[in-house]
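# Coordinates in review
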Amino acid sequence: MNNSDSPETAQRIANLRQKFFKLYGHHPEGIWRAPGRVNLIGEHTDYNMGYVLPFAIDKNALVAIRRKSQLEPEPNILSFASTYGQNTSPEVTSVPVDGLAPTSISGWAAYPAAVVWALNQLEDVELAGFELLVDSDVPVGSGLSSSHALEVGTIVALNDLYELGLSLTQMAQLTQRAENEFVGAPTGIMDQSASLMSHADHALFLDCRSMDSRAVPLPLAQNDAVVLVIDTRVEHSHVDGGYAARRRSCEEAAAALQVSSLREVGSVLELEDVEDPLARRRAKHIVTENQRVLETVAALEAGDLEAVGKLLYQSHVSMRDDYEISCEELDAAVEASLKAGAIGARMTGGGFGGSSIALIKRDHIASVSQAVNDAFAKAGFETPNIFTVIADEGAGRA
Ligand code: GAF
């Protein structure tokens, strides 16, 4: 069973319908579900036109929408509200559609607003006002793509309601534009693609240059294995400098090698021509990470989880030492997981905080969780949020 069909999701959907009616005095036209993601491997390779291997998880944003008719008052006002952290009636943010301009809105409402803005940049598309209420259980700032889930939930809803006929790739590209230009975060295309294109029990092998993708079966159940997420609760943001600085280093390295992107670099030997040692080290992560994604796909297809585990840890070391995007808490989570018997572990997502993952045997869930909790307590870190995830189906109407 996918999470989309679970009793918990059904209950959240029913609650959302009720809350929508209470807030806006109308029923929503529909509810759409968009999952967060875990990236199994292939980090910071997306904006280098490389390979990624994420999967959608059973934590998602549910987006309820009703379009306003031109006959009602304020037909061109967007109304956004979220159930997040609300015990009472959610607060509504109102924005005129024609007042949307890049970086003009801050906070969570920037994400649905960014999607409307990006759609309205298309020829022949002119969205008017609508009411939106979102309910999300993707932990915010955890590196599991809570913001992309919100963007994807909004775009799949609007694509259906306005019959825009956009393909999954077009929706991924538009949400990337929304994020880059409107929100101001220079992120790649992995997260929205994972939320849009994933299939249950599979990882999404995506070539970010061609946008070709393939579902790769995750041989977890037959190996009594699960993926554990350790949310360190160290909040991160991609609008901050670290992410953009890594991206710039990669562009510098590509320029020094006179290639359009680091995807064109086949071997680390070619990096000797990058004079700047920092750019060379950053580029080394990208070149080796692309190779690890290909090897992980092969190992998954061979059902060899031990080999997958080794690649996950190599990826972590590369991010820790060459790309320098890990942090003490992520390193502690990875090392404690491995010490307690994990098959493999690494930080996942953009880094500088957020979550790590551990590939473990199902009967190690309690012992690995305990080991991580103990390591965090000993180091004086905040207690992490630890949970297992399943690979879920991509976004759609709930
Ligand atoms: C973040 C970004 F949004 C992605 O595009 C990707 O670059 C990732 O960090 C790192 O792999 O999640």
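Worth saying up front: this structure is predicted, and the values here are computed from it rather than measured. (Residues numbered from 1 in each chain as written. Predicted model: local features only at pLDDT ≥ 70, side-chain atom pairs only at ≥ 80, totals over all residues.)

Overall, antiparallel pairing links the four strands, which are arranged 9-10-8-11 in an open sheet. The open sheet has two edge strands with one neighbour each: strand 9 (344-348) and strand 11 (385-389). Averaged over all pairs of adjacent strands, the angle between strand axes in this sheet comes to 25°, irrespective of strand direction. For strand 8 (residues 225-231) and strand 10 (residues 355-361), the ladder comprises seven bridges, and the chain directions are antiparallel. Across the sheet, the residue bridging to Leu-228 is Ala-358, located in strand 10. Packed on one face of the sheet, helix 8 (residues 305-321) meets strand 8, strand 9 and strand 10 and runs near 40° to strand 9. Against the sheet, helix 9 (residues 328-339) makes contact with strand 8, strand 9 and strand 10, and its axis sits at roughly 165° relative to strand 9, the strand it touches most. (Pairing = 2+ DSSP bridges. Helix = DSSP H or I, 4+ residues; strand = E, 2+ residues; numbered from the N terminus. Axes fitted to C-alpha atoms, helices over the stretch in contact; angles between N-to-C directions. Contact = placed C-beta atoms within 7 Å.)

Sites flagged by UniProt as "domain: GHMP kinase N-terminal" (unreviewed entry) map to residues 115-198. The span residues 115-198 shows a helical share of 55% and a strand share of 8%, and its end C-alpha atoms are spaced 20 Å apart. (UniProt positions renumbered as here; feature names shortened; annotations may be inferred.)

As recorded in UniProt, the sites labelled "domain: GHMP kinase C-terminal" (unreviewed entry) are residues 297-377. Across residues 297-377, helical content stands at 58% and strand content at 15%; the span's end C-alpha atoms are separated by 36 Å.

Time to look at the nonpolar core. Ranked by size, the top nonpolar core spans 108 residues in total, and within it Phe-55, Val-63, Ala-114 and Leu-359 carry the most contacts. The leading source of residues in this core is strand 2 (residues 51-67), at 11 residues. When residues are assigned to domains, this core turns out to be shared by domain 1 (3-215) and domain 2 (217-389), each giving three or more. Residues contacting Val-63, with those up to four places away along its chain left out, are Ile-31, Trp-32, Ala-34, Leu-132, Val-134, Gly-153, Thr-154 and Ala-157. Counting 11 residues, the second-largest nonpolar core is a separate cluster that includes Ala-254, Val-265, Ala-279 and Val-287. (Core = buried A, V, L, I, M, F, W, Y, C linked by C-beta atoms within 7 Å. Buried ≥ 20, exposed ≤ 12 C-beta atoms within 10 Å, placed from the backbone. Domains from an automatic or database assignment.)

This paragraph deals with the packing of helix 2 (residues 110-120) against helix 4 (residues 168-183). Put simply, helix 2 and helix 4 touch, their axes get as near as 8 Å, and they point 110° apart. Considered as vectors, helix 2 and helix 4 are oriented roughly perpendicular to each other. Remark: the crossing between helix 2 and helix 4 carries right-handed chirality. Between helix 2 and helix 4, the contacting residues are Ala-110, Tyr-111, Ala-114, Val-115, Trp-117, Ala-118 and Leu-119 on the first element and Leu-174, Thr-175, Arg-177, Ala-178, Glu-179, Phe-182 and Val-183 on the second. Of the residues assigned to the contact of helix 2 with helix 4, the class counts are 11 nonpolar, one polar and two charged. (Parallel < 35°, antiparallel > 145°, perpendicular 65-115°, else oblique. Left-handed = near helix turned anticlockwise from the far one by under 90°. Nonpolar A, V, L, I, M, F, W, Y, C, P; charged D, E, K, R; others polar.)

Strand direction decides the pairing type here: strand 3 (residues 77-82) and strand 4 (residues 93-96), joined by four bridges, are antiparallel. In the sheet register, Ser-79 faces strand 4, and the bridge partner there is Ser-94. In this structure, strand 3 lies alongside strand 5 (residues 130-136), joined through four bridges in parallel fashion. Residue pairing for strand 5: Ser-82 is matched across the bridge by Val-134.

For the ligand, the set of nearby residues contains 12 residues, the closest of which are Glu-43, His-44, Thr-187, Gly-188 and Gly-350. Grouping the constituent residues of the shell around the ligand by class yields two nonpolar, seven polar and three charged. Taken domain by domain, the makeup of the shell around the ligand includes at least three residues from each of domain 1 (3-215) and domain 2 (217-389). (Near = placed C-beta within 6 Å.)

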